[in-house]
Amino acid sequence: MNKQLTLPDIVRATGGRLVLANATTRPNTGTISSIPNSQIDSRQAVVTTGTLTTELQVIKNAVYDSRLVEPGSLFVALPGETSDGHQYIEAAVKGGASALLVRQDWLESQNVLPEVPIIAVPDTLQAFQRLAGWWRSQFPHLNVIGITGSVGKTSTKELLAAALGQRYNVFKSFKSYNNEYSLMPLILQLQEEHEQAVLEMGCGWEFGELTRVCEVALPKIGVTLGVSHSHMGRMGSLENIAKNKAELTQSLPADGWAVLNGDDFRVKAMANMTAAKPFFYGSDPGFDLWTDQIETFGLNGIAFTAHYQGKAHHLRLPLLGRHSVQIASAVIAVGLLCGLNWDEIEAGLNDPQARVRLLVLPGINGSTIIDDSYNASPVSTVAALDLLQDTPATGRKLAFLADMLELGDYAREGHRIVGRRVAQVAEQLVVMGDLGQIIGQEALISGLKENQVTFAADKAEAIRILQEKLQVGDLLLVKASRGIALEEVVEKVRAS
């Protein structure tokens, strides 16, 4: 039977003040009921004060987005960059929230309170983390694997969960939930049945965020994929990004493992920052796991040889692009540390349900679309262009590229790098956005002719241009940052 989270659990774990009020009650009348912890019965999930007894529903989930509230939800009013969750309490109550976690100062400022139990705390984020940490502590035998790095986290998480799932009951992060807000509701969904938990840990907003997440999740294995310019706009330098990612390695216990990409010197150096045992993967024969004989077959996958403990293992996988060897290596490393055999690891790496990011779709007029529009950085865009180059096509090779965001001072150079690479690969280039213009200009400087580069003003124009250009046998790569939402363009140029 699954463990159930109750309101008394939340009160005790957060150290909050439980308040019950009628919707018509005003705080200054003194009729709000503040319930002492001594009067909260966690076994029966009942609070009692005087003649007031309130049956408390089991809390089904915790959310901080009022649009996700449903009956049985705890709504946590978290601070945001542009708005405060307390502004959405009314919407959460209308949505059926069974309880609210709010700041004490908000509670004291209200004249009318909703008719749901309220837990008041000084800081809702810290209280949310205490709650998630308490819940995590209920499962001491759970092995948590944290994955961080500038690119590749979601792909690694999906493939690793598929591999571990060959033997274990696995819990994994949903979508790309990977910061100290979005990971807390996930941790609250852990159950006794779970043997392994695979969690993305991006946490690229500020120093200390990843450390705080680790203090809650308690990872025993930490995977660091690489350090590149993603989130440069927030962190300021590659050195700061590496320092941020190293928080996972530094948080690992002495009996844990730091799985490190040895080909990235900034990641390799993290071995000196942890009490855990390092496990290096990459291309160097001196690493614990190393790969060579890499072959790429475009959209038909990759092949390589993995070497471990003096034995060679030849793998042919449906993963796309040479860069996928690094992702596969990280999965293999963790799989080996968790006791999987090579057949189980290979089965996970071949799982078609685990490949979620890059899509190959039929395009209009007999073309093919490589839809890699989910997100972009200079590193991942160059990797996608490598894939475009390695993929045979009976027609032309085209690229539709737009802005890569959050690169800070590296934005211009990052887009120039992409422009130089696309000039070596594509026969037709369509760009959009202010930073996309830099890609187009650099492609012209690097050898593409004016009739090969088209500058689109917006998505509508880009759709029209691509609809006119695409022909039978053409291969089109579409890529930009998540915030640009190029899936709207893909939808209009894919075949019905």
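Right above here is the structure, for reference.
Parameters and conventions
Every chain begins its residue count from 1, and numbering advances along the sequence as written. Where totals are concerned, whole chains, interfaces and linings use all residues; where local detail is concerned, this predicted model gives features only for residues with pLDDT of at least 70, and gives and counts side-chain atom pairs only at 80 or more. The basis for every side-chain value is the complete set of non-hydrogen atoms in the structure, without hydrogens or water. Working definition: helices are DSSP H or I runs of at least four residues, strands are E runs of at least two. Numbering for both runs from the N terminus. Summary of the burial criterion: residues with accessible area below 20% of their type's maximum are buried, those above 50% are exposed, and those between are partly exposed, where the area comes from a 1.4 Å probe applied to protein chains only. Should any heavy atoms of two residues lie within 4.5 Å, those residues are considered in contact. Strand pairing follows a simple DSSP-based rule, namely that at least 2 bridges must link the two strands. Arc definition: it is the arc formed by the directions from the helix axis to the C-beta atoms. Throughout this description, the term nonpolar core refers to a set of buried Ala, Val, Leu, Ile, Met, Phe, Trp, Tyr and Cys residues connected via side-chain atoms within 4.5 Å. Here the axes come from fitting lines to C-alpha atoms, over the contacting stretch only for helices, and the angles between their N-to-C directions go from 0 to 180 degrees. Roughly parallel means an angle under 35 degrees; roughly antiparallel means over 145; roughly perpendicular covers 65 to 115; every other angle is labelled oblique. Note: crossing handedness is left-handed where the near helix turns anticlockwise from the far helix by less than a right angle, and right-handed where it turns clockwise. Classification used: nonpolar for Ala, Val, Leu, Ile, Met, Phe, Trp, Tyr, Cys and Pro, charged for Asp, Glu, Lys and Arg, polar for all others including Gly. Every case where a carboxyl oxygen of Asp or Glu lies within 4 Å of a side-chain nitrogen of Lys or Arg is listed as a salt bridge. Whether two aromatic rings pair depends on their centres lying within 6.5 Å, for rings of Phe, Tyr and Trp, where Trp uses its six-membered ring; planes under 30 degrees apart make the pair stacked, over 60 edge-to-face, and the rest tilted. Two conditions define a charge located above a ring, namely a distance within 6 Å from the ring centre to NZ of Lys or CZ of Arg, and an angle within 35 degrees of the ring normal.

Q: Before we move on, could you go through the side chain of Thr224 and cite the residues and values that matter?
A: Structurally, the position occupied by Thr224 is in strand E13 (residues 221-224). With a relative accessible area of 0%, Thr224 lands in the buried category. Among residues more than four places away in sequence, those in contact with Thr224 are Thr148, Lys245, Thr249, Val259, Leu260, Asn261, Val267, Met270 and Tyr281.

Q: Quick one: what's the story with the pairing of strand E14 (residues 257-261), residue by residue and with numbers?
A: Taken across its five residues, E14 has four buried, putting it largely inside the fold. Two strands pair when backbone bridges link them, and E13 and E14 are joined in this way by four bridges, in the parallel orientation. Directly across from Gly222, in E14, lies its bridge partner Ala258. Where E14 and strand E15 (residues 277-282) come together, five bridges link them in parallel fashion. Across the sheet, the residue bridging to Ala258 is Pro278, located in E15.

Q: Requested: an account of helix H16 (residues 459-469), with residues and values cited.
A: Every buried residue of H16 is listed here: Ala462, Ile463, Ile465, Leu466 and Lys469. Looking down the long axis of H16, one finds its buried residues gathered within 165 degrees of arc, a one-sided arrangement. Exposed positions of H16 whose direction lies more than 90 degrees from the buried face are Ala460 and Glu468. Buried positions along H16 lie against strand E21 (397-401), strand E22 (428-432), strand E23 (453-456), strand E24 (475-479) and helix H17 (487-493).

Q: Lay out the nonpolar core with the relevant residues and their values.
A: Counting 55 residues, the largest nonpolar core has Ile10, Leu74, Ile119, Leu188, Leu190 and Met201 as the members making the most contacts within it. It is helix H4 (residues 124-136) that provides the largest number of residues to this core, a total of six residues. With residues up to four places along the chain from it excluded, the contact list for Ile119 reads Leu7, Ile10, Val11, Thr14, Gly16, Arg17, Leu18, Leu74, Ala99, Leu100, Leu101 and Val102. Ranked by size, the runner-up nonpolar core spans 37 residues in total, among them Leu164, Tyr308, Ile332 and Ile345.

Q: I'd like to hear about the sheet that holds E24, residue by residue, with values.
A: In spatial order, the strands read E19-E20-E24-E21-E22-E23; together these six strands make up an open sheet with mixed pairing. Either end of the sheet is taken by a strand with one partner, and the two such strands are strand E19 (359-362) and E23. Across the sheet, the axes of successive neighbouring strands diverge by a mean angle of 20 degrees, strand direction being ignored. Pairing analysis gives four bridges linking E22 to E23, with the strands arranged parallel. Of the residues in E23, the one forming a bridge with Met432 is Ala456. Strands in contact with helix H13 (residues 378-390) are strand E20 (368-371), E21 and E24; relative to E24, the strand with the most contacts, it is inclined by about 175 degrees.

Q: Quick one: what's the story with the packing of helix H14 (residues 411-425) against helix H15 (residues 434-445), residue by residue and with numbers?
A: Close contact between H14 and H15 brings their axes to 7 Å; oriented N to C, the two are set at 45 degrees. One finds that H14 runs oblique with respect to H15. Where H14 crosses over H15, the two elements pack in a sense that is right-handed. Of H15, the residues touching H14 (which contributes Ala411, Arg412, His415, Arg416, Val418, Gly419, Arg420, Val422 and Ala423) are Leu435, Gly436, Ile438, Ile439, Glu442 and Ala443. For the contact of H14 with H15, the class distribution of residues is eight nonpolar, three polar and four charged.

Q: Describe unusual backbone geometry, naming the residues involved and giving the relevant values.
A: Apart from glycine, the bulk of residues carry a negative phi angle, and the bulk of peptide bonds sit in the trans form. Phi is positive for Gln309, which is not a glycine, with a value near 50 degrees. In this fold, Gln309 is placed in the loop between strand E17 (302-308) and strand E18 (311-317). We classify Gln309 as exposed; its relative accessible area is 66%. The phi angle at Glu406 is positive, at roughly 60 degrees, despite the residue not being glycine.

Q: Please set out the pattern of salt bridges residue by residue, giving values where relevant.
A: For the coordinates displayed, the defined rule picks out 23 salt bridges. Note that Lys157 and Glu200 form a salt bridge whose closest N and O atoms lie 3.8 Å from each other. Separated by 43 residues along the polypeptide, Lys157 in helix H5 (residues 153-164) and Glu200 in strand E12 (residues 196-200) bring together distant segments of the chain. For Lys157, a relative accessible area of 0% puts it in the buried group.

Q: I'd like to hear about the packing of aromatic side chains, residue by residue, with values.
A: All chains considered together, the criterion is met by seven aromatic pairs. Here the aromatic rings of Tyr64 and Tyr181 are separated by 5.7 Å at their centres, their planes lie at 75 degrees, and the arrangement is edge-to-face. Here Tyr64, found in the loop between strand E6 (61-63) and strand E7 (73-76), pairs with Tyr181, found in the loop between strand E11 (170-172) and helix H6 (183-187); they are 117 residues apart in sequence, far enough to count as distant. Between Trp135 and Phe139, the ring centres sit 5.8 Å apart and the planes meet at 70 degrees, which makes this aromatic pair edge-to-face. Geometry around Tyr374 places Arg482 over its ring, the cationic atom sitting 5.4 Å from the centre.

Q: So what's going on with the environment of Leu315? Which residues, and what values?
A: Residue position: Leu315 is located in strand E18. Residue classification places Leu315 among the buried positions, given a relative accessible area of 3%. Each C-alpha atom of the pair Leu315 and Ile302 lies 8.3 Å from the other, and the pair is 13 residues apart in sequence. Contacts of Leu315, omitting those with residues within four sequence positions, involve Ile302, Ala303, Phe304, Ala306, Trp342, Glu346 and Leu349.

Q: So what about the sheet that holds E15? Which residues, and what values?
A: Strand order in the open sheet formed by nine strands is E11-E12-E10-E13-E14-E15-E16-E17-E18, with mixed pairing between adjacent strands. Of all strands in the sheet, those bounded by a partner on one side alone are E11 and E18. This sheet shows a mean twist of 20 degrees between the axes of neighbouring strands, independent of strand direction. As paired elements, E17 and E18 share seven bridges and run antiparallel to each other.

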